[in-house]
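Structural overview for review
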Amino acid sequence: MNNIINNNKDGIDILCVGEVLVDFIGHQEGVLINETRDYHRYLGGSPTNVAMNSTRLGLNTILVASVGNDGFGSYITERLASVGVNTNHLNVLDNKSTSVIFVSRSEGTPDFIPYRSADFCIYEDQISRETLSHTKIFHTTCFALSKNPAQKTILKKAQEAHNLGCKLSIDLNYARKLWKSQKNAFKVIKTYCQFNPLIKISEDDMLRLFEKELPHEDIFEFFHLQGVDTVCLTLGSKGVKLSQKGKETIQMPAIKIDKVMDSTGAGDAFWSGFLFAYIKEKSIHECLDIALKLAALKLQNVGRLPDNINILSKLL
């Protein structure tokens, strides 16, 4: 394992902890993987997308993740460095291969097949107490929590971050195929919720997690009862609902776009915008507005957000 040193003595806006992957996104639109003939390679993983987006928005962001010592690992390291993401906490493992995922291209939630190896090998020595003490937001995902040793590491460090006054965040991108059981997933999710994170969920996530359609109010109530103050529910083309404990639910429409090019990473773009605005101490309505704008920008591009534009100028 690498010796990981925190060279950053300044404030860390977002510490993204979790999966870094190579996404192979299908060329054929609107079909499942069994109908997809060819794929294009992209850098992926929800915390990775948030780290890259946040860095491009001017935030000081660190990615804590693991790759294999292979060609895909080199590709990931080079891509992160080209954007300016701090990779001092990226582990390069000789005995594991970089995780890859094959993803269908669709307007809705895509079909995917994961081939996981290095991504869940996240260890405690990658996240020092000093790093946490400089961090404003500790962000992770349900994907990252699905497998040990990452699960144990993230839960332990999340509690430490919470005790140090850091705000926690999670994208509850639950998928049954990643977990040993639904019961195990609920136990881990409830543990993380004790630290009052900002929660981002989608209707599809909740359908998979609860295995039935629930009224939005019931979903919000479930998380509020676990100790969560703020829950953000994304509704695809119908926009977003946000519930703060003890306050009226806020609903905002999605931004109309002519053609959805690729939905992969749209939720990550949304949450990157939300966390950016949250760190800038914007109102909740402004946080949602900026989040929706960034999601709309992503939906109009295949793979990552486009490199050739000033993203910040499109949001503010």
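Summarised in this report is the structure supplied together with it. (Residues numbered from 1 in each chain as written. Predicted model: local features only at pLDDT ≥ 70, side-chain atom pairs only at ≥ 80, totals over all residues. Heavy atoms only, no water.)

Describing the overall build of the chain
As a reminder, the rule being used: Helix numbering and strand numbering both begin at the N terminus, where a helix is a DSSP run of H or I of at least 4 residues and a strand a DSSP run of E of at least 2. Relative accessibility decides the category of a residue: with a 1.4 Å probe and only protein chains considered, values under 20% of the type maximum give buried, values over 50% give exposed, and everything between is partly exposed. Per-residue and other accessible areas were derived by the Shrake-Rupley procedure at a 1.4 Å probe size, with only the shown protein chains allowed to occlude residues.
Summing up its helical and strand segments, the chain has ten helices and 13 strands in all. A burial count over the chain gives 58% of its 316 residues as buried. As displayed, the chain offers around 13,500 Å² of accessible surface, 47% of which is attributable to carbon and sulfur atoms.

Some words on the packing of helix H8 (residues 266-279) against helix H9 (residues 284-299)
What counts is decided by this rule: Orientation is described by lines fitted to C-alpha atoms, with helices fitted over the stretch in contact, and by angles between N-to-C directions that extend from 0 to 180 degrees. The handedness criterion is simple: a crossing whose near helix is rotated anticlockwise from the far helix by less than a right angle is left-handed, and one whose near helix is rotated clockwise is right-handed. It only takes one pair of heavy atoms within 4.5 Å for two residues to be counted as in contact. Any residue outside Ala, Val, Leu, Ile, Met, Phe, Trp, Tyr, Cys, Pro, Asp, Glu, Lys and Arg is labelled polar, Gly included; the first ten of those are nonpolar and the last four are charged.
Contact pair H8 / H9: the axes reach a minimum separation of 7 Å and the direction vectors enclose 145°. As for the relative orientation of H8 and H9, their crossing is right-handed in sense. Where H8 approaches H9, its residues Ala-266, Ala-269, Phe-270, Ser-272, Gly-273, Phe-274, Phe-276, Ala-277 and Tyr-278 are matched on the opposing element by Ile-284, Glu-286, Cys-287, Leu-288, Ile-290, Ala-291, Leu-292, Leu-294, Ala-295, Lys-298 and Leu-299. For the contact of H8 with H9, a count of residues per class yields 16 nonpolar, two polar and two charged.

Some details on the environment of Glu-19
For clarity, the cut-off: In protein, a polar contact means a hydrogen-donor-capable atom and an acceptor-capable atom, both N or O and within 3.5 Å, with residues adjacent in sequence counting only if both atoms are side-chain atoms; elsewhere, any N or O pair within 3.5 Å suffices.
Position of Glu-19 among the secondary structure elements: in the loop between strand E1 (12-17) and strand E2 (21-29). For the pair Glu-19 and Cys-121, spaced 102 residues apart in sequence, the C-alpha separation works out to 9.3 Å. When near neighbours in sequence (up to four residues on either side) are disregarded, Glu-19 contacts Gly-44, Gly-45, Ser-46, Pro-47, Thr-48, Asp-119, Thr-141, Phe-143, Ala-144 and Asn-173. Reaching out from Glu-19, the side chain makes a polar contact with the backbone nitrogen of Ala-144 at a distance of 3.4 Å.

Description of the state of the cysteines
Threshold: Pairs of cysteine sulfur atoms within 2.5 Å are identified as disulfides in what follows.
Tallying each qualifying case throughout the model produces zero disulfides. Left without a disulfide partner, Cys-142 is nearest to the cysteine sulfur of Cys-193, which lies 9.4 Å away.

Focus: the environment of Leu-233
Counting through the fold element by element, Leu-233 comes out in strand E11 (residues 230-234). Sequence separation between Leu-233 and Asp-205 is 28 residues, and the spatial gap between their C-alpha atoms is 9.6 Å. Excluding residues within four positions of it along the chain, Leu-233 makes contact with Ile-201, Ser-202, Glu-203, His-216, Phe-220, Gly-239, Val-240 and Lys-241.

A short note on the sheet that holds strand E5 (residues 90-93)
To summarise the sheet geometry, strands pair through backbone hydrogen bonds and adopt either a parallel or an antiparallel arrangement. This is how it is decided: By the convention used here, strands pair only if DSSP detects at least 2 bridges between them.
Taken together, the nine strands give an open sheet; going across it, the order is E5-E4-E1-E8-E9-E10-E11-E12-E13, and neighbouring strands pair in mixed fashion. Edge positions in the open sheet fall to E5 and strand E13 (250-252), since each of these has one partner strand only. Direction aside, neighbouring strands of the sheet carry axes that sit 15° apart on average. Note: E1 against strand E4 (residues 61-68), four bridges, orientation parallel. From the neighbouring strand, Ile-14 faces E4, where its bridge partner is Thr-61.

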